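Understanding the architecture of this molecule
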Amino acid sequence: SCNRGSQQRFRKCDNPSPQNDGTPCSGFSLQFAECNTFPCPIPGKWSEWGSWSECPTTCGLGSYKSRTRKCDNPLPQHNGSTCPGPSTDTSLCHLVPCPVHGDWSEWTDWSECPKSCGGALHFRTRLCDNPRPDHGGRDCAGNHRQ
């Protein structure tokens, strides 16, 4: 047990009782003593969660934010138990993928000349697939054919 308490004990003057003007018993018939003078254990309790940290990126999967709390409301004292559970909480920041901007693949070989003389046009092409634009990313700039 803990916290301050008191005990008392009582004794009678009857072993043997004074007789024929005999001397009464000496000392007090009632005695008090303090007991359990050590403090009670105080278990720790959590304070409120702090604010969430900033997300390190504005998009993408796999980045986390966190928040913390302290076991100080009150602090554990006199062999009181510590707070149960973690002091840190984490959560995914974003569930949206980042935009992917398109870029050109290599040019194809030039096409065959349709005529052997007198001038003619031939061409080559490229695709906007290295990578393809995705998640709101920009298309490739420039022409796909020359």
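Numbering of residues starts from 1 in each chain and follows the order in which that chain's sequence is written. Only residues with pLDDT of at least 70 are given local features in this predicted model, and only at 80 or more are side-chain atom pairs given and counted; all residues enter the totals for whole chains, interfaces and linings. Derived side-chain values reflect all non-hydrogen atoms in the structure, with water molecules and hydrogen atoms excluded from consideration.

Let's talk about the environment of R126
Put simply, DSSP H or I for four residues or longer makes a helix, DSSP E for two residues or longer makes a strand, and each gets a number counted from the N terminus. Mapped onto the fold, R126 is located in the segment after β4 (88–92). Along the backbone, R126 and S105 are 21 residues apart, and their C-alpha atoms lie at a distance of 5.8 Å. Aside from chain neighbours lying at most four places away, what touches R126 is W104, S105, E106, W107, A141, G142, N143 and H144. Of note is the side chain of R126, whose polar atom sits 3.0 Å from the backbone oxygen of N143. Throughout, a contact is declared for two residues whenever any of their heavy atoms are within 4.5 Å. Any pair of N or O atoms that falls within 3.5 Å is considered a polar contact. Within protein, one atom must be able to donate a hydrogen and the other to accept it, and sequence-neighbouring residues count only if both atoms are side-chain atoms.

Some words on the environment of C40
Structurally, C40 can be placed in the loop between β2 (30–35) and β3 (64–68). Remark: the alpha-carbon pair of C40 and H78, spanning 38 residues in sequence, is separated by 6.6 Å. Residues within four places of C40 in sequence aside, it is in contact with C2, N3 and H78.

Examining the state of the cysteines
Here, the term disulfide refers to a pair of cysteine sulfur atoms separated by no more than 2.5 Å. Tallying each qualifying case throughout the model produces five disulfides. Paired through a disulfide, C59 and C98 show a sulfur-sulfur distance of 1.9 Å. Because the torsion about its S-S bond is 105°, the bridge between C59 and C98 counts as right-handed. Pair noted here: C59 is in the loop between β2 and β3 and C98 is in the segment after β4, with a separation of 39 residues, a long-range link. C98 gets classed as partly exposed once you look at its relative accessible area, which sits at 30%. Any residue under 20% of the maximum accessible area for its type is buried, any over 50% is exposed, and the rest in between are partly exposed; the area is computed with a 1.4 Å probe on protein chains only.

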